[in-house]
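Coordinate inspection notes
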Amino acid sequence: MLLINANKGKAALAAGVVFLTFLGVSRLSLAAALPRFRGRPALASRRCEWNDPEAHGLSSSKLAELAADFEKRYIRAGLLKGAVVAIVKSGKVIALWELGNYTSNTVFKLYSISKVFTAIAGLQLCEAERADGERVRESKMPSFPAKELGISLDTPISQIVPEWPMDLCDESGAKMPPLLLRHCLTHTGGFSKTLPTVHPVGSFRPVELERLRSQVCGATKAARNLKEAVELEGKHPHIFAPGQHFNYCGVGSQLVARAVEEATGMNIAEYMDKRIFKPAGMESTGFVLDEALSGNCVSTDYHPWVLPAVAAALPGRWNRMRLRLRGFLGQLCGCPLIDDIKPAGSAVVLPTKLWDRSLSLFHPDAGVIGTGSDFVKWLQVMSSGKLMGATGAKEVFSQFVLDSLSTPTTPELQAPFAFDASPSRRMFPVRGDLRGGRQRPFNSFPGQRFSLGACVVTDPGKVGLPRRAEGAWHWMGFASTYFFVNRREELSACFLTQLISHRTYPLLDELVKGVHESLL
């Protein structure tokens, strides 16, 4: 009897192995993950640069304590492979830490931080004249409100982007007001495109669910370029009238980018390189990587808890089941990250390489990549408004652009204005805060309002931040890249790593709070 039971047990075990193998979970991938299941600390190293914090109004001891806490709780605990943390004051790098396996030369996928660069491009269109005297190409834009003003924030998108429809409708077919450029910069467009990694499926409206079903069935037409993507989007109804609510979505950035393309004759990648990245001294940032930097690429890691949401948007039932199973096994075994889904060098969206120059669809809402050192240069520019060089300081962005990013324009990002926003006491809700599936955590930013491109802290007390954090604006990317800029204090900082999702750990709250508490 014991022999029979033993044989049955072996048979069941063998059947389980066959089943797992059938679902695509190989012995090799499981073996690779098992050491991390037990939370084995990653090999951690640290390199630090200091530039006299006290002379710039910051406490070196408190900054060191913040960095040591990040290293102990996330890097040495094996939750993250590494991070680049930088503090900038008055345009100067005051402190920089290279933690774990990442350095300033590491190439980071910035994901939704791309939206901030796109917003800058859109704001530049609203200026009457470029810093170098070059006007927006007026011949292509006969419907400008006024030639001397160029494109305004209240210009209808249909007047700038030819493939966008003039008449918009909701799910019932009712007509709605026109979509304006400002709506695209503030996530108030009411678009019906979303993903389960952005908003929980339980919160989807009927048209959003229908679009998700079409995607997983493979019935969605693939766009070859940004113009086609926008043209396809224009065929879908909206879930609310433009300006009525805040609902995080990438379509607005796509429309802003198309406006830039139409007005300048350059694609968005060319425009950003010429007008944003190069002027800011960012030589290794863009939509396509120089292949010489391929050795600086790292894997994009996934926390198991996010895999069911990623799987929900995949075409193919077995593909979805495999990924859900990996997420289940990872959580069951306490695995802090899975690193073979997007290996080093894999593209942000498409199944290609980061240096593939045949890329024709540039994603202005998620596609920017760059080195850590380049991102720190950008923080230097945004905190002071100027690029510090050997011959002195050079203005990179106009006061209009800087003011637009730091000045709130919407109501507080809480329900009812923030569409289905869930209550929270953090700057940005994370995994342990999520309750239920009918609310949208990514719409919840208590004590904050949106500017023309970023989130601005207006009531720091609501989220446990120091008083001097008021006015700081910030954003983040899907792979846990975070930054903030406080122009009042001429202070900025970043925490760059590569873990999906950015809602896994409260890194944004800890960064903003810790750096502001270091002010003397």
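Residues numbered from 1 in each chain as written. Predicted model: local features only at pLDDT ≥ 70, side-chain atom pairs only at ≥ 80, totals over all residues. Heavy atoms only, no water.

**Quick look at the overall build of the protein**
In terms of helices and strands, the protein carries 15 helices and 19 strands. Expressed as a percentage of its 520 residues, the buried residues of the protein come to 57%. For the protein, the proportion of contacts with a sequence separation of at least 24, taken over those separated by at least 6, is 71%. Roughly 21700 Å² of accessible area belongs to the protein as shown, and the carbon and sulfur atoms make up 55% of that amount. (Helix = DSSP H or I, 4+ residues; strand = E, 2+ residues; numbered from the N terminus. Buried < 20%, exposed > 50% of the residue type's maximum accessible area, 1.4 Å probe, protein only. Contact = heavy atoms within 4.5 Å. Areas by Shrake-Rupley, 256 points an atom, 1.4 Å probe, with all protein chains shown as cover.)

**So, the side chain of T197**
As for its position among the elements, T197 is in the loop between helix 6 (181-185) and helix 7 (206-216). Since its relative accessible area comes to 15%, T197 is described here as buried. Among residues more than four places away in sequence, those in contact with T197 are A309, V310, F478 and R503.

**Quick look at the sheet that holds strand 7 (residues 285-286)**
If you walk across this open sheet you meet the 3 strands as 4-10-7, and the pairing is antiparallel. This sheet does not close on itself; its edge strands, each paired only once, are strand 4 (107-109) and strand 7. Running at roughly 90 degrees to strand 10 (residues 369-371), helix 13 (residues 372-384) makes contact with strand 4, strand 7 and strand 10 of the sheet. (Pairing = 2+ DSSP bridges. Axes fitted to C-alpha atoms, helices over the stretch in contact; angles between N-to-C directions.)

**Structural notes on the packing of helix 4 (residues 114-125) against helix 9 (residues 251-264)**
How two helices sit against one another is set out by the angle between their axes and by the gap between those axes. Interhelical geometry of helix 4 versus helix 9 gives an angle of 45 degrees and a closest axis separation of 9 Å. Taken together, the axes of helix 4 and helix 9 lie oblique to each other. Note on packing geometry: the crossing formed by helix 4 with helix 9 is left-handed. Within the contact between the two elements, helix 4 uses K115, T118, A121, G122 and L125 and helix 9 uses S253, V256, A257, A259, V260, A263 and T264. Looking at side-chain class alone, the contact of helix 4 with helix 9 contains 7 nonpolar, 4 polar and 1 charged residues. (Parallel < 35°, antiparallel > 145°, perpendicular 65-115°, else oblique. Left-handed = near helix turned anticlockwise from the far one by under 90°. Nonpolar A, V, L, I, M, F, W, Y, C, P; charged D, E, K, R; others polar.)

**Points about helix 8 (residues 226-233)**
Burial in helix 8 covers these residues: L226, E228, A229, V230 and E233. Looking at the buried positions of helix 8, the neighbouring elements they touch are helix 7 and helix 9. Its side-chain oxygen 3.2 Å from the backbone nitrogen of K227, N225 forms the N-cap of helix 8. (Polar contact = N/O pair within 3.5 Å; in protein donor to acceptor, adjacent residues only side chain to side chain.)

**So, the pairing of strand 16 (residues 473-477)**
Across the 5 residues that make up strand 16, a large majority, 5, are buried. Here strand 16 shows two buried faces, one formed by W473, W475 and G477 and the other by H474 and M476. Summarising the sheet, strand 15 (residues 455-457) and strand 16 pair through 2 bridges and their orientation is antiparallel. Within strand 16, the position partnered with C455 by the bridge is H474. Of the pairings in the sheet, the one linking strand 16 to strand 17 (residues 481-486) comprises 5 bridges and is antiparallel in character. Counted as the bridge partner of G477 is T481 from strand 17. Hairpin connection of strand 16 to strand 17: 3 residues between the antiparallel strands, including S480 at a positive phi of 65 degrees.

**A word on the packing of aromatic side chains**
In total, this model carries 26 aromatic pairs according to the counting rule given. Taken together, the aromatic side chains of F246, Y248, F428, F442, F445, F450 and W475 make up a single cluster linked through ring pairs. (Phe/Tyr/Trp six-rings, centres within 6.5 Å; stacked < 30°, edge-to-face > 60°.)

**Concerning unusual backbone geometry**
Where the residue is not glycine, phi is negative for most of them; where a peptide bond is considered, it is trans in most cases. The omega angle of the peptide bond from A415 to P416 is 10 degrees, so this bond is cis rather than trans. Tracing the backbone through its elements, the reader meets P416 in the loop between strand 13 (412-413) and strand 14 (445-450). Cis peptide bonds are those with omega within 30 degrees of zero, and the linkage from I500 to S501 qualifies with 15 degrees. Inspection of the secondary structure puts S501 in the loop between strand 19 (499-500) and helix 15 (507-516). Here D420, not a glycine, exhibits a phi torsion of approximately 55 degrees, which is positive. Note on placement: D420 falls in the loop between strand 13 and strand 14. When its relative accessible area of 23% is taken as the criterion, D420 is described as partly exposed. Of note, E490 is a non-glycine position whose phi angle comes to about 50 degrees, a positive value. Note on placement: E490 falls in the loop between strand 17 and strand 18 (491-496). A relative accessible area of 34% places E490 in the partly exposed class.

**Digging into the pattern of salt bridges**
One pass over the full model with this rule turns up 23 salt bridges. Across the pair D339 and K81 runs a salt bridge, and its minimum N-O distance is 3.0 Å. Taken together, the residues span a long stretch of sequence, with D339 in strand 9 (residues 338-342) and K81 in the loop between helix 3 (60-75) and strand 2 (82-89) at a distance of 258 residues. A salt bridge links D340 to R326; its shortest N-O distance comes to 3.0 Å. Of the two residues, D340 is situated in strand 9 and R326 in helix 12 (residues 317-332); the sequence distance between them amounts to 14 residues. Each of E163, R258, E261 and E262 takes part in salt bridges that share partners, so that together they form one network. (Salt bridge = Lys/Arg side-chain N within 4 Å of Asp/Glu carboxyl O.)

Everything listed is a geometric property; what it means functionally is a separate question.
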